[in-house]
Amino acid sequence: MTAFRVEAELADETLAGAVLGRVVGILGARVALPIDKLSDALLVSDAVSAATRGAHVIRIEAGVEPKRLELRVGPLEPGGAERLIGSIEAPLGAGSLTRLVDEIATAGDDGAEYLILGLAPS
């Protein structure tokens, strides 16, 4: 399977959760996430869209590589990735994000931060 990426700029917060959930569902099926991991991925996508509510535009990249689904959220202001993690965990419970995803990372690019969340089938 070749890697590919979907990029979306979501400006309508009423549609953001539905759009992101569908993209994550399609890509999760593409990397053969089992039902429990797909459910985790959808919980994370719902939490990301809820945590970014109120932002003028949120940019999310979702991509698949062999055996891996990745969500990249940003650009965020410096420190924004940690605040976003806290906002995601608030409704789910402390430490819940680390139980739902296989990778949590931040990346910097041109003074902006990105939150990277990775899920794998195993």
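In the block above lies the structure referred to throughout.
Since we're looking at a predicted model, the values are computed, not measured. (Residues numbered from 1 in each chain as written. Predicted model: local features only at pLDDT ≥ 70, side-chain atom pairs only at ≥ 80, totals over all residues. Heavy atoms only, no water.)

Engineer: Tell me what's going on with the overall build of the protein chain, and back it up with residues and numbers.
Structural biologist: Within the protein chain, the secondary structure is distributed over four helices and five strands. Counting from the amino terminus, helix and strand elements in the protein chain follow one another as β-α-α-β-β-α-α-β-β. Expected size for 122 residues packed as a compact globule is a radius of gyration near 14 Å; at 13 Å, the protein chain falls within 12% of this value. When its C-alpha atoms are laid out on the principal axes, the protein chain stretches across 35 × 30 × 30 Å. Taken over 122 residues, the protein chain has a buried fraction of 43%. Once local pairs closer than 6 in sequence are excluded, the contacts in the protein chain between residues at least 24 apart make up 67%. Summing over all exposed atoms, the protein chain offers an accessible surface of approximately 6300 Å²; the carbon and sulfur share of this is 55%. (Helix = DSSP H or I, 4+ residues; strand = E, 2+ residues; numbered from the N terminus. Rg over C-alpha atoms; globule rule 2.2 N^0.38 Å. Buried < 20%, exposed > 50% of the residue type's maximum accessible area, 1.4 Å probe, protein only. Contact = heavy atoms within 4.5 Å. Areas by Shrake-Rupley, 256 points an atom, 1.4 Å probe, with all protein chains shown as cover.)

Engineer: How would you explain the sheet that holds strand E1 (residues 4-10) if you had to name every residue and give the values?
Structural biologist: Strand order across the open sheet formed by five strands is E1-E2-E3-E5-E4, with antiparallel pairing between neighbours. Unpaired on one side and paired on the other, E1 and strand E4 (103-109) mark the two borders of the sheet. Within the sheet, the average angular offset between the axes of one strand and its neighbour, ignoring direction, is 20 degrees. Sheet topology note: the strand E3 (residues 68-76)/strand E5 (residues 112-119) ladder contains six bridges and is antiparallel. Pairing of arginine 72 across the sheet is with isoleucine 116, part of E5. Against the sheet, helix H2 (residues 35-51) touches strand E2 (58-65), E3 and E5, its axis set at about 160 degrees to E5. (Pairing = 2+ DSSP bridges. Axes fitted to C-alpha atoms, helices over the stretch in contact; angles between N-to-C directions.)

Engineer: Before we move on, can you summarise empty space enclosed by the protein with the specific residues and values?
Structural biologist: Summed over the entire model, instances satisfying the criterion amount to two cavities of 30 Å³ or more. Here the second largest cavity defines a volume of roughly 50 Å³. Taken together, Val6, Glu7, Ala8, Leu10, Val19, Leu20, Val23, Ile60 and Ala62 make up the full set of residues lining the second largest cavity. The set of elements that each furnish at least two residues to the lining of the second largest cavity consists of E1, helix H1 (13-30) and E2. In terms of residue count, the dominant contributor to the lining of the second largest cavity is E1 (four residues). Along the lines of polarity and charge, the residues of the lining of the second largest cavity split into eight nonpolar, no polar and one charged. (1 Å grid on protein atoms, 1.4 Å probe; cavity = no way out; pocket = protein on both sides within 12 Å on 5 of 7 lines; lining within 4 Å. Points joined across faces, edges and corners; volume = space filled by probe spheres on them. Nonpolar A, V, L, I, M, F, W, Y, C, P; charged D, E, K, R; others polar.)

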